[in-house]
Every structure is written in C-alpha cells, then in structure tokens.
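Next come the chains, spelled out residue by residue.
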Amino acid sequence: MCPPQPRIPLSQYQLFSLFVRHNMDEPQIRLSRLLFADGNPVTSPMIGSGIDGFIIRTGPRTVMKIPKLRAEILSDGSLKPEKENEWLIGSLEAEKAVYQRLEGVQGLANCLRVSSNGIELDYYQNGSLEDYMRVNDPPVWEQRLHWIMQLVDFVAACHEKRVLWFDIALRNLLLADDWTIRAIDFANSTALPLETDLATTDWDGYTQKLEVLHVTNVIYSISHWEKFQVNCVYAHEWPPADSFPSTQHLDLGPIITKAWNHHYQTIAELRRAISSQ
C-alpha cells in the first residue's frame, strides 16, 4: 500500500480557476448605479448607508441623504431604473417634514436644503458622540453635563413642536466644530399635528414617555462614559427596574434611577430635575 501523498497547497491562480469553473453557471453579476429622485445618476461618493437612504458627500462641508434608488447598468452603458424605486422614491418624505417642522431648533443638524432629491446637511467632521466616546477618555464632568443638557433641551423642543424623535441614540448626536451636539436621523420620527396632546398620544405603541427612557439611557452613557441602550419601542417592553445598571457612583445617579423607574412622565419633568440638581 502506497503511503499517502502530501497535499500540495493550491496557488492563488489555481484557486481562482476553480472558483471560475464552479461559478460558470451562476448568473452574471449585475452592475448598478445610484440615482437621484429626478433620474440623474449620482456622481458624489457615498459615505454612509441606512435602512431608508444613502449619505453622499456633496461638497467639502456638505452631505446629502437620498433615497435608496438604483439603476442597472446595461451592456450599452445606459441605465435601467430598478422596479423597487417606485415605492422607495418617497421614503424620505416623513423625515423631510420633521426637518422642516424643527427648523431653527437649537441642537438640530443644520439643514441647508430639502428637495425632491433628498436632504442636504452640513458635514460634521468630528463624527458622532458614540465614535468620540469609543476612542477618547471622558472629558471633565462640566463638559459631559453640558452635552446632557443640550440633548434634554433639544428633545424637549421636539416635543413642544409635536415631534417624536424615536431614534434617540449616541450615534445620532454629531459633534460640531464648537463641540456642541447636533441631532440627526429622523427616519422613524413623526411630526404630529400641532394641536396633539402628547400626554395622551400613542403613536403605534410609541409615546413621549418612551422618549424619557431613551434620553435617560443616553444620559447614563455620557455620565458613565460607556454606551448603554435597550430595545424598547412599546410601553410593555420597558425593562424591569432590576435589569438596569447601578448608578450609585454617578452625579445624576438618583435622577437616572428615578427615570428608569417611571418617576418622570415627560422630558420637561426630567429637565427640571436635572436643572435643579
């Protein structure tokens, strides 16, 4: 019986040849290109992507959020818009309405223009607070408290204008050149009628009290200098009190604990508690 022969490793070329032979019957890869809502191809670089849209760089200091519209590049170089574009084209309309409702509110990312093609915003080169926290030591408490108050003030202003933000998270707080925060991402937000009573409003199970929970999670994250969040979009999903982390070592610990235990019904109540601390 012959001894087993050693296995000879395949070269990169051999591996590539095997891959090609194995995939000869696979359909050809379809090349696609991004489109604006007006049908023109996007030539600016894409720097981000979310569930509902792409972020493209439109200038040294500007970006634009556009719907996720694509076109297949045909063999002759022409573009064939994909069928899904028909229902994706209006995917940013609700977010546009929120930016328009919140125009002039301090803490909102500067919206330069809303058009049929998308939402053009200032570009914030310092990135998000979540990114900053990941690679930097915590600044002095006064700076962190300043960010906390900016967040609370902004969400309170949203509620005064009958906007529920929904996606309250560190990743959606950008740092401006003066190191104040700027809020973005209102894809899941809603601009309710101005006569709406938020105290009794239940928007598909989501309420202003849930915004107190998510704001408090960000307050804890900034205080403790570590990201903390919970998945809670309905009132019945509010976590039990014993599932939250300890706050004993934090300056705002008692307030955070009270918020997690349903003590505050509105952002305004939470803001008053922090201001009187």
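Here, every reference points to the structure presented above.
Residues numbered from 1 in each chain as written. Predicted model: local features only at pLDDT ≥ 70, side-chain atom pairs only at ≥ 80, totals over all residues. Heavy atoms only, no water.

## A few points about the layout of surface pockets
Selection criterion: Definitions used throughout: a 1 Å grid over protein atoms alone; a cavity as a set of points that fits a 1.4 Å probe which cannot get out; a pocket as an open set with protein on both sides within 12 Å along at least five of seven lines; a lining residue as one with an atom within 4 Å of a point. Grid points are joined across faces, edges and corners, and a volume is the space filled by probe spheres set on the points. Labels follow the DSSP assignment, with helices taken as runs of H or I lasting at least four residues and strands as runs of E lasting at least two, numbered in each case from the N terminus. For this classification, Asp, Glu, Lys and Arg are treated as charged, while Ala, Val, Leu, Ile, Met, Phe, Trp, Tyr, Cys and Pro are nonpolar and the rest, including Gly, are polar.
The space that makes up the largest pocket amounts to roughly 750 Å³. For the largest pocket, the lining is made up of 28 residues, of which Ile55, Arg171, Asn172, Ile184 and Asp185 are closest to its centre. Sorting the residues of the lining of the largest pocket by element identifies β2 (46-49), β3 (53-59), β4 (62-67), α3 (93-101) and β8 (119-122) as the ones contributing at least two each. The residue inventory of the lining of the largest pocket, partitioned by class, reads 12 nonpolar, eight polar and eight charged. For the second largest pocket, the calculated volume is near 290 Å³. Forming the boundary of the second largest pocket are 18 residues, of which Ile168, Arg171, His214, Gln229 and Val230 lie nearest the centre. Partitioned by chemical class, the residues of the lining of the second largest pocket number nine nonpolar, five polar and four charged.

## Observations concerning the sheet that holds strand β5 (residues 70-73)
Operational definition: Two strands pair if DSSP finds at least two bridges between them. Lines fitted to C-alpha atoms define the axes, with helix axes restricted to the stretch in contact, and inter-axis angles between N-to-C directions lie between 0 and 180 degrees.
Spatial ordering of the open sheet is given by β1-β5-β6, a layout of three strands whose pairing is antiparallel. Every interior strand has two partners, whereas the edge strands, β1 (32-34) and β6 (79-81), have only one. In this sheet, adjacent strand axes meet at a mean angle of 35 degrees when their direction is disregarded. The pairing of β5 with β6 spans three bridges and is antiparallel. Following the sheet pairing, alanine 71 is matched in β6 by proline 81.

## A few points about the pattern of salt bridges
Using the following cut-off: A carboxyl oxygen of Asp or Glu within 4 Å of a side-chain nitrogen of Lys or Arg is what we treat as a salt bridge.
The tally for this structure, following the rule as stated, stands at 11 salt bridges. For glutamate 93, the salt bridge identified is with lysine 96, shortest N-O distance 3.0 Å. A residue pair is termed a helical-turn pair when its members lie 3 or 4 positions apart in one helix, as glutamate 93 and lysine 96 do in helix α3 at three residues. Among the ionic pairs, glutamate 130 bridges to arginine 134, the shortest N-O distance being 3.1 Å.

## Considering empty space enclosed by the protein
Tallied over the entire structure, the rule returns one cavity of 30 Å³ or more. Roughly 30 Å³ of internal volume is contained in the largest cavity. Around the largest cavity sit Gly107, Gln150, Leu151, Phe154, Trp165, Leu173, Ile181 and Ala183, which together line it. Secondary-structure elements contributing two or more residues to the lining of the largest cavity are α5 (141-160) and β11 (181-183). In terms of residue count, the dominant contributor to the lining of the largest cavity is α5 (three residues).

## Observations regarding the sheet that holds β2
Strand pairing in a sheet relies on backbone hydrogen bonds, with the paired strands running either antiparallel or parallel. Selection rule: We call two residues in contact when some of their heavy atoms are within 4.5 Å.
If you trace the five strands from one edge of the open sheet to the other, you get β2-β3-β4-β8-β7, paired in antiparallel fashion. Since the sheet does not close on itself, it has two edges, and those belong to β2 and β7 (111-114), each with one partner. Here the strands of the sheet are splayed against their neighbours by 25 degrees on average, with no regard to which way each runs. Where β4 meets β8, four bridges bridge the pair, whose relative direction is antiparallel. By the bridge assignment for β8, threonine 62 is matched with aspartate 122. Strand contacts of α3: β4, β7 and β8, with the helix running at about 50 degrees to β8, the strand carrying the most contacts.

## Topic: the pairing of β8
Sheet topology places β7 next to β8; three bridges connect them, and they run antiparallel. Bridge pairing in β8 links valine 114 to isoleucine 119. Taken together, β7 and the strand that follows it, β8, pair antiparallel across an intervening segment of four residues.

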